[in-house]
Each structure stands twice: as C-alpha cells, then as structure tokens.
Amino acid sequence: MLGVLMFLVGAILNWAYNVIHLVFLVGVWPLILLYPIIIFLLTLEYPQRLFLFIHKFNFPFFADFDQPEVFGFSPGRCRNFKIKTPDNVSLGMWHILPSVLYRQITDAQERHRKVPHGSLVTKGIQRRALIERPVFLYFHGNAGNRAAPTRIATYRNVSERLNCNVVAVDYRGFGDSEGSPTEADLAIDARAAYNWIVDQGVPHTNIVLLGHSLGTGVAARLARDLGKDGIFPRGLVLQAPYMSIPEAAFEYRAFQVVNLFYPLSFFPKIEEYLKNCILDRFNTRSHIPHLNIPVLMIHGAKDREIPVKNSQQLYATAFAAHLGPTKLSSAPEISLTGEEAFRDFVDKTEEVGGGFELEGRRYVSERNKSVRVADGEVVGPPKAMFVELTHAHHNSVQAHDLTYDSIEDFLEIPDQASVTGTGMLQFANRVS
C-alpha cells in the first residue's frame, strides 16, 4: 500500500514539474527574453508616444460626432464643431448646454408649438448660454475620445448638477482631430480651445479648467501658461492627477494590475536613465507653486492606476508654498516617507464636521491675503483643496457626489441661471 502511495505522489510531482516547465518554456521565458527589447523600444520616440498617448485606440470606434444624440443627448443639447489651431490643425469639439437653460428653451418651444424638439437651440442660444453660465473646459485621459461613456457621464454631471456649460476637446490624433500628439502640441490645442471660448465673449473668470488623468497635466500647463500672460481663469480642477509622467509611468498599473516597470525598481540607475529618456514630461508638480488661481485636486483612495499619493504630494506642495517661498522644500516626499507623514504635515488644514466624512476627507489651504504676487513667484495658488474619496477608483472619481459638491463649494459656482426661456428666445431671434 505504501509503495502504491509513493508511486502516486511521484507521478503527481512529475506531472506538476512538466506543467511548470511547459509554462516557463512557452510563456515566461519568451517574456523574460522580450522584456529588455520592450524597455529599449520605450526609449525611442515613436513607441514611447504610442505607449503614453493611446490615441490609436479610438474608442468608441467609428463614433459619429456629428450626431451626439447617438450617445444619449437630447436634440440640440450638444453641438459638434471644429476649430483650427495656430499651426493649422483641425480639432473636434463638443459644447454641451447647461440643463436648466436647455429645458427653458424646450419648454418655451412647446408653448410656442415649435417642432421638432430642440429646433430652437440656435447658435445665438448656444453663445448666450456660454456667457450666462460658467464654462468647464474638459481635458480627457490618454485613451479613447470625447464620446467615451465615462466622459459623457462627467459632462452630464457638470451640466446637470452644476448647471454649467461643458466644452470638450479631442487633442490632435484623438477622435476626429487631425495630427499626432506630443506634450508641446497638446499645449497648443489646449490654448486654442481656451481662446475659442474667450472669443465667444466669455470672461476669464467664468472659465474652469477641468482635467482627468493625462488631462490634468494638460490643464495644469495651460493654467501656468495663461498665468504667464496675465490671464487667470476661475479655477483648475484636477481629477486623478499625477506629479509628472516620469514618476507616474514607473508606478502605473495597466488594467489596475500590471506594473510594466516594476522589475526596474531593483536597478535604480537604469530606472533613472529611463526616466530621463521620457520626452513628454507633463510636470504638474513644478507648476503648482506658481499658479495664481484656485486649485482643486480630487483623487480616489482605491485608485490603482495613479495612486492617491500623487494628489497628496501636489497638495502638500501647495500647502508648503503657502507657508512661505523658502518652505517649499519642507513638503515631505510621500513616496519615501509614507501617507502618515502627509497627514501629519497637513493635519491642521483638514475639514471636519461637514457631513461628508463617510464619502472622503477634504483639506483646504489658503495663501495669506497680505501676500503680493509677482510673476513667477513661488507662493502657491490663492487657495487649494484636496478631496480624497474613500471609495473611488481611477475613473469613478468622476461620478461621486462629493466631487461635484466640492467643485460647487470651492469655486463658488452660482446655483441658478439668470435668464428665462423667453429671454433666451428673444436673444436668439436677434443674433442668429
């Protein structure tokens, strides 16, 4: 009996060995051999930008941007149009009307018995809406286009919960926009989209820059560039931001699981060399201390793609700048010191008793009002808020109630439209 048992154990072990050997032979060894080749390719310009800007994955595929109704918008509520950048690249854009103003128009249309539904939403109405309500200029992440479902959900939240306009732009190479993306070219695209809004008669103080994921770097750079020209929008909202692309790339988890660069953490010199090879850096951390507009950072505690420590570091940087120009280096390096060091550093800025504790934590820091700001001075934004959402992931950060409650409170978004449907109709008749 013992001999039979030993035979069975030996057979099972032999089978297990053969299976493991086959897995290594077919799956693991090719990956080990290919890994250095993949890493080398990512030091080259074209493969590197394909990895960063996943614009070839143009989801939703075959999108008909001229028919926003396909994506659930009511007729006339979302307008598709294109603009030209200074270097003559065509960019695809959407303008989504505030929900209250849209309902005013459609209600007036029903009273006047005009058909079809939404037919009275003219260019005059759209222009008036831009002037009457704040405008959120939205910069999306590194894959897909402006019609992606999570982005449409964001447009709806802004236009319905905040009753504001949304202008969404596809960077060059994304959606139906021409060209190929680089950091410098995305900066041109962002400024062109901003200038289009201003050309419609919108004051700078009614424009909010809103970025998610990769788009936070685009929005932060635009805010810095505008500030250099003495232009100050209403505020900057960063959803799931990162410190910089070199830092984010080496902790990014594709599909929230795979960290391609993890093995390199055992070879610090190679890791540092590869970081220096990254062409498009989007260094948000370097912009924050120089911004002269309110900055709101919102991040999910369960974000596995871009960990929450990125927003913690950005907020700590803003808070350190508020302590004084010489205190910037006092912000802890959270990647090294850990989350508790962040909590200790910003402890006195945490809001409590607001009724939102089950949803997340909020921190607010304000620059001393006596500080006079000269161009390029490191004093931090006039006020900064960090919202850490307890239950949010990378994309769901755009769907939480506390996200929009915080935006409304922090940027003091007015809660009502100031014109009636009849007034809008009369205006449309005059200018369209």
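Residues numbered from 1 in each chain as written. Predicted model: local features only at pLDDT ≥ 70, side-chain atom pairs only at ≥ 80, totals over all residues. Heavy atoms only, no water.

Provide a residue-level description of the pairing of strand β10 (residues 383-389), including the pertinent values.
The side chains of a regular strand alternate between both faces of the sheet. Most of β10 sits inside the fold, with seven of its seven residues counted as buried. Burial along β10 is two-sided: K383, M385, V387 and L389 facing one way and A384, F386 and E388 facing the other are all buried. Note that strand β7 (residues 295-300) and β10 share six bridges and pair parallel. Its bridge partner being in β10, M297 is matched across the sheet by F386. With seven bridges connecting them, strand β9 (residues 360-366) and β10 associate as antiparallel partners. (Buried < 20%, exposed > 50% of the residue type's maximum accessible area, 1.4 Å probe, protein only. Helix = DSSP H or I, 4+ residues; strand = E, 2+ residues; numbered from the N terminus. Pairing = 2+ DSSP bridges.)

Kindly report on the packing of helix α11 (residues 309-323) against helix α13 (residues 339-346), identifying the contributing residues and their values.
How two helices sit against one another is set out by the angle between their axes and by the gap between those axes. As a packed pair, α11 and α13 sit with axes 11 Å apart at the nearest point and diverge in direction by 30 degrees. The angle between α11 and α13 places the two elements in the roughly parallel class. Considering how the two elements wind past one another, α11 and α13 form a crossing that is left-handed. Residues Q312, Y315, A316, F319, A320 and L323 of α11 touch α13, and the partners they reach there are E339, F342, R343, F345 and V346. Class assignment of the residues belonging to the contact of α11 with α13 gives a composition of eight nonpolar, one polar and two charged. (Axes fitted to C-alpha atoms, helices over the stretch in contact; angles between N-to-C directions. Parallel < 35°, antiparallel > 145°, perpendicular 65-115°, else oblique. Left-handed = near helix turned anticlockwise from the far one by under 90°. Contact = heavy atoms within 4.5 Å. Nonpolar A, V, L, I, M, F, W, Y, C, P; charged D, E, K, R; others polar.)

Before we move on, can you summarise the pattern of salt bridges with the specific residues and values?
Charged atoms that come close allow side chains of opposite charge to pair. Within this structure, the stated rule accounts for 24 salt bridges. A salt bridge links D225 to R221; the shortest N-O distance between them is 3.5 Å. Of this pair, D225 and R221 both sit in helix α7 (residues 214-228), four residues apart, which is roughly one turn of the helix. Note on D225: relative accessible area 23%, which makes it partly exposed. By relative accessible area, which is 26% here, R221 ends up partly exposed. Taking the shortest distance from any N to any O, the salt bridge between D409 and R362 comes out at 3.9 Å. (Salt bridge = Lys/Arg side-chain N within 4 Å of Asp/Glu carboxyl O.)

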